[in-house]
Every structure is written in C-alpha cells, then in structure tokens.
Amino acid sequence: MKRKKSKNKVITFRTLAMVFLVLMSVHVHAQRGQLYSGLLERGYPKAQYANTPYYPQQFQKGKVTYHGYTYEDVSLKIDLATGQLIILSPATGLSLAYAPQDLDQIEMNGLPLVYLEKPSVGWYEIISKGEDWMLYRQHYVSSSTREVQGSSIVMRFTLSQKVYLFRQEKWIAVNGRNTFSKQFKEQKSQLQSFAKKQGLKLNAQDLKGWKLMGEYLNTL
C-alpha cells in the first residue's frame, strides 16, 4: 500500500507540474499576442486629406519592445500628427494605433527611436553617440494647411526633419559641418576637413553623412 501511495504522489506531482507548464506557456503566448490587440487606427481618408503625416509613408519592417517582449519584423510607421505608432496586424491586415508611452522601444533602419518631451515633443532617431554627446534626428509635422482640391477642401501636412546635438545638458540644432564642428573646439578643424573630404552635405536628410561624422568623431 505504501508503494502505491508513493507512486500516486509521484504521478500527481508530475501532473501538476505539466499543468503548470501548460498554463505558463499559455500566459506567455497571451502576453506576446498583446502587441496585436491595439485600437484601430483612425486613418486619413483621401476625401479629407491631400497627403498623410506618416514616417515613413509606407509600412516598414522594424523591431518593437512592448511590455517587456521584443517583436522582430513588425510592419510599422509613425503618425507624426498624433505621435502614435501604427502597426500592421499580420493576422487581420488592419492598422493598429499605440500611444508612445505604452511602448518600451522601437527600431527602424537599424536605429532606435525615442519619444521625447524636449527640445520639442516628438519622435527622434538616435543617429550616433559618444562619451558625452548624442546625435538625434527629429521627424515632425511643421505645418498643416487647408487647400481646395476639386470641389473639396482638404488638409495637407508638411513634414520636416531636424538634427540635434545633445551635449553638456544642452540641445543644439545642427545643420552643416560648421554648426556641428564648432561644438567640439579641440576637434573642429579635423571634423571640418573630414566632412569636406568626404563631400558630406550634413543636412537633415543626410543620414549616412551624420553617421559617418559620428563614427569619425569617436576616433578622435
């Protein structure tokens, strides 16, 4: 009888352990599935809008960390007018909207994006960083105007970009090699020579150029 009871206890323990593992697996999968349970995006009907305030304009593959879980190959874009991240559900094909404060981290084009309150509220790419500096590029709606299109009045968005250097607790708008290099007095001449030799435009659209500039600065 004792052996039988002991055997029953072992079977019961194994059964409970299996049930626990199954429940944990279901819980984890439920947590992971939360990324695609957001609210439907309101969208921008063509009858009311001349263009859309998205960055990028079309869905692009990226990475999203949401409630501690990281999701790869997510189709996403940012609504610069509302600040929401728009994600395309692979199961339904619907566009889902997420408030920036609900996200842990996102990444596009191999660059992390963060939602900041300063220097102005919005989304910023982290282009490059060093020991005491960081280089950001902001994407934002610079203006929205109404215009006549046929027999309708529609809204048109103007999208802009701006590059900022954050150093010594200050945000400095930089555009071109001169405004950037003068922030680093000891390396100024070397930075200017490098930018000129490489033919870097270093405007807000020159992402590759800013990356090269940041990499070079880290070698000095």
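Residues numbered from 1 in each chain as written. Predicted model: local features only at pLDDT ≥ 70, side-chain atom pairs only at ≥ 80, totals over all residues. Heavy atoms only, no water.

1. Section: the sheet that holds strand 7 (residues 111–116)
(1) Moving on: Read across the sheet, 11 strands follow the order 1-5-4-3-2-6-7-8-9-10-11 without closing on themselves; strand pairing throughout is antiparallel. For this open sheet the edge positions go to strand 1 (39–40) and strand 11 (170–173), each flanked by a neighbour on one side alone.
(2) Moving on: The strands touched by helix 4 (residues 207–217) within the sheet are strand 7, strand 8 (122–129), strand 9 (133–149) and strand 10 (152–167), with strand 8 carrying the most contacts at an inclination of about 45°. (Pairing = 2+ DSSP bridges. Helix = DSSP H or I, 4+ residues; strand = E, 2+ residues; numbered from the N terminus. Contact = heavy atoms within 4.5 Å. Axes fitted to C-alpha atoms, helices over the stretch in contact; angles between N-to-C directions.)

2. Some details on the confidence of the model for the protein
(1) Moving on: For the protein, the mean per-residue pLDDT works out to 87, and 85% of the residues sit at or above 70.
(2) Moving on: The weakest mean pLDDT in the protein belongs to helix 1 (residues 2–32) at 45; the strongest belongs to strand 8 at 97.
(3) Moving on: In the predicted structure, residues 19–32 sits below a pLDDT of 50 and forms 6 contacts with residues beyond four places in sequence or in another chain. (pLDDT = per-residue confidence, 0-100.)

3. Re the pairing of strand 10
(1) Moving on: As judged from the 16 bridges shared by strand 9 and strand 10, these two strands associate in the antiparallel manner. Within strand 10, the residue paired with W133 across the bridge is R167.
(2) Moving on: Counted between consecutive antiparallel strands, the loop separating strand 9 from strand 10 contains 2 residues, among which G150 sits at a positive phi close to 70°.
(3) Moving on: Sheet topology places strand 10 next to strand 11; 4 bridges connect them, and they run antiparallel. Each residue of the ladder has a partner; that of R167, found in strand 11, is K170.

4. Details of the pattern of salt bridges
(1) Moving on: With the rule as written, the count across this model stands at 4 salt bridges.
(2) Moving on: Between R156 and E147 there is a salt bridge; the shortest N-O distance is 2.8 Å. (Salt bridge = Lys/Arg side-chain N within 4 Å of Asp/Glu carboxyl O.)

5. Focus: the nonpolar core
(1) Moving on: Judged by nonpolar contacts, the single largest core of 19 residues is most densely connected at L135, L165, V174, F180, F184, W210 and M213.
(2) Moving on: Broken down by element, the residue count for this core peaks at 4 residues, all from helix 4.
(3) Moving on: For F184, the contacting residues outside a window of four places in its chain are W133, L165, R167, L191 and L217.
(4) Moving on: Membership of the second largest hydrophobic core comes to 18 residues, among which are L35, L96, M108 and L113. (Core = buried A, V, L, I, M, F, W, Y, C linked by side-chain atoms within 4.5 Å. Buried < 20%, exposed > 50% of the residue type's maximum accessible area, 1.4 Å probe, protein only.)

6. Structural notes on helix 3 (residues 188–198)
(1) Moving on: For helix 3, the set of buried residues is L191, F194 and A195. The arc that holds the buried residues of helix 3, viewed along the axis, is 95°, so those residues lie on one side. Opposite the buried face of helix 3, at more than 90 degrees from it, the exposed residues are K196 and K197.
(2) Moving on: Where helix 3 is buried, its residues contact helix 2 (177–181) and helix 4.
(3) Moving on: Positive backbone phi, at 65°, marks G199, one or two positions downstream of helix 3. (Arc of directions from axis to C-beta.)

7. Points about helix 4
(1) Moving on: Every buried residue of helix 4 is accounted for by L207, G209, W210, M213, G214 and L217. Along the axis of helix 4, the buried residues cluster in a sector spanning 160°; they form a single face.

8. A word on the packing of aromatic side chains
(1) Moving on: A complete count under the given rule lists 16 aromatic pairs for this structure.
(2) Moving on: Pairing Y115 with W123 gives two aromatic rings, centres 5.4 Å apart and planes at 65°, and the pair type is edge-to-face.
(3) Moving on: Among the aromatic residues, those joined into a cluster by ring pairs are Y124, Y136, Y164, F166 and W171.
(4) Moving on: Here K77 stacks its cationic end above the ring of Y54, 3.8 Å away from the centre of that ring.
(5) Moving on: Above the face of the F59 ring, K77 is positioned so that its terminal group lies 4.3 Å from the ring centre. (Phe/Tyr/Trp six-rings, centres within 6.5 Å; stacked < 30°, edge-to-face > 60°. Lys NZ or Arg CZ within 6 Å of the ring centre and 35° of its normal.)

9. So, the packing of helix 3 against helix 4
(1) Moving on: For the pair helix 3 and helix 4, interaxial distance at closest approach is 11 Å and the crossing angle is 140°. Overall, the two elements helix 3 and helix 4 adopt an arrangement that is oblique. In this structure, helix 3 crosses over helix 4, and the sense of that crossing is right-handed. Seen from helix 3, the contacting residues are Q190, L191, F194 and A195; seen from helix 4, they are L212, M213, Y216 and L217.
(2) Moving on: Broken down by class, the residue content of the contact of helix 3 with helix 4 amounts to 7 nonpolar, 1 polar and no charged. (Parallel < 35°, antiparallel > 145°, perpendicular 65-115°, else oblique. Left-handed = near helix turned anticlockwise from the far one by under 90°. Nonpolar A, V, L, I, M, F, W, Y, C, P; charged D, E, K, R; others polar.)

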